[in-house]
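# Survey of secondary and tertiary structure
Chain by chain, the residues:
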Amino acid sequence: MSTSDIFIGETIGTALLTLLGGGVCAAVTLKSSKARNAGWLAITFGWGFAVLIAAYVSAPLSGAHLNPAVTVGLAIKNSDWSHVPVYFAGQLLGAMLGAVLMWVTYYGQFLVHLSDPEHIRDATLGPEDPHPHDQAGPVLGVFSTGPEIRNVVQNLTTEIIGTFVLVLAILTEGLQDGGKGLGVIGVLITSFVVVGIGLSLGGPTGYAINPVRDLGPRIVHALLPLPNKGGSDWGYSWIPVVGPLVGAALAGGLYNIAFA
């Protein structure tokens, strides 16, 4: 794979991932959406299908990492870091583009939702709050993740564990076939792994398990001209970046010890 193929493939694939994944969050969350209040099952399966579609599209160009954690895990497994910066760049750009496309798709719903008096009240911070940009706004969850209980150790550990499961599953795909890989079936299995992680481990933090899936849309949330949007919760933003990278490194290390 050439550098340009990797960058283009990861940009397109991660854009599709965040467009469709963020799209299901918007559909379930925003007022005047036909899918509003569809619930956690809709979100988990929506993200699983997002992975499926994005990976099928981008695999011929870049191998469909779509996630810096996956890139790190594969780099540790293969002892090859030469293309890691290109993967990271395409993934972050794609995540931001996908978030913008999601906002365009739900533009009217965002305006209706954020003009509701209840949400305006939630987005209004008291003068005693010294860090308004650290507070989660009323639609931030459409763009990025956040904890149900704010506990740094638990939140970080949850992201480490969830990403460890994801990356270890990806690294071990195809070992039953003499290490030849599973081809297109591997994409389907990975998608179900993402659904399983969401259903089983997603409750505490919303299972980012992907640094750019969280950081890219969070940057877009901070930049978009959304009225009454509130803050982008930058105080939490490092956890869904650091946690997945640590989880990926642990999965890559275990793979080399136990499976290589």
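Report follows, based on the coordinates. Just so you know, these numbers come straight off a predicted model, no measurement behind them.

Here is what the cut-offs are and how they apply
- Residues numbered from 1 in each chain as written.
- Predicted model: local features only at pLDDT ≥ 70, side-chain atom pairs only at ≥ 80, totals over all residues.
- Heavy atoms only, no water.
- Helix = DSSP H or I, 4+ residues; strand = E, 2+ residues; numbered from the N terminus.
- Rg over C-alpha atoms; globule rule 2.2 N^0.38 Å.
- Expected span 1.5 Å × (residues − 1).
- Buried < 20%, exposed > 50% of the residue type's maximum accessible area, 1.4 Å probe, protein only.
- Contact = heavy atoms within 4.5 Å.
- Phe/Tyr/Trp six-rings, centres within 6.5 Å; stacked < 30°, edge-to-face > 60°.
- Salt bridge = Lys/Arg side-chain N within 4 Å of Asp/Glu carboxyl O.

## Description of the overall build of the protein chain
Looking only at helices and strands, one finds 11 helices and zero strands in the protein chain. Counting from the amino terminus, the protein chain carries its helices and strands in the arrangement α-α-α-α-α-α-α-α-α-α-α. For 260 residues, the compact-globule formula gives about 18 Å, and the C-alpha radius of gyration of the protein chain, at 18 Å, lands near that figure. The dimensions of the protein chain, computed from C-alpha atoms along their principal axes, are 60 × 35 × 30 Å.

## A look at helix α11 (residues 239-258)
For α11, with 20 residues, the first-to-last C-alpha span of 28 Å sits near the 28 Å given by 1.5 Å per residue. I239, P240, G243, P244, G247, A248, A251, G252 and Y255 are the residues of α11 that are buried. Contacts from the buried residues of α11 go to α3 (68-78), α8 (152-171) and α10 (211-223).

## Considerations on the packing of aromatic side chains
Two aromatic rings, taken as a pair, are described by how far apart their centres are and by the angle between their planes. If you walk through the whole model with that rule in mind, you get five aromatic pairs. Plain terms: the ring middles of F45 and F49 are 6.4 Å apart, the flat faces sit at 45 degrees to each other, and that makes the pair tilted. With a gap of four residues between them, F45 and F49 both fall in helix α2 (residues 40-62), about one helical turn apart. Owing to a relative accessible area of 34%, F45 belongs among the partly exposed residues under this scheme. Here Y255 and F259 contribute two aromatic rings whose centre-to-centre distance is 5.7 Å and whose plane-to-plane angle is 20 degrees, an arrangement assigned as stacked.

## Structural notes on the pattern of salt bridges
Taken as a whole, this structure holds three salt bridges when the rule is applied. One salt bridge in this structure joins D214 and R218, with 2.7 Å as the shortest N-O distance. Taken as a pair, D214 and R218 lie in helix α10 at a separation of four residues, close to a single helical turn. What makes R218 buried here is its relative accessible area of 0%.

## Brief notes about unusual backbone geometry
Notably, S32 is not glycine yet its phi reads approximately 65 degrees, a positive angle. Positioned with a positive phi, Y207 is a non-glycine residue whose angle comes to about 45 degrees. Along the chain, Y207 turns up in the loop between α9 (184-201) and α10.

## Points about the side chain of T44
The topology assignment puts T44 in helix α2. Those residues within four positions of T44 in sequence are excluded, and the remaining contacts are V195, G198, L199 and Y207.

## Overview of the environment of F259
Relative to the helices and strands, F259 is located in the segment after α11. Under the relative-accessibility criterion, F259 is labelled partly exposed at 40%. With 56 residues separating them along the chain, F259 and G203 place their C-alpha atoms 30 Å apart. Setting aside its immediate chain neighbours within four residues, F259 contacts L168, T172, L175 and L254.

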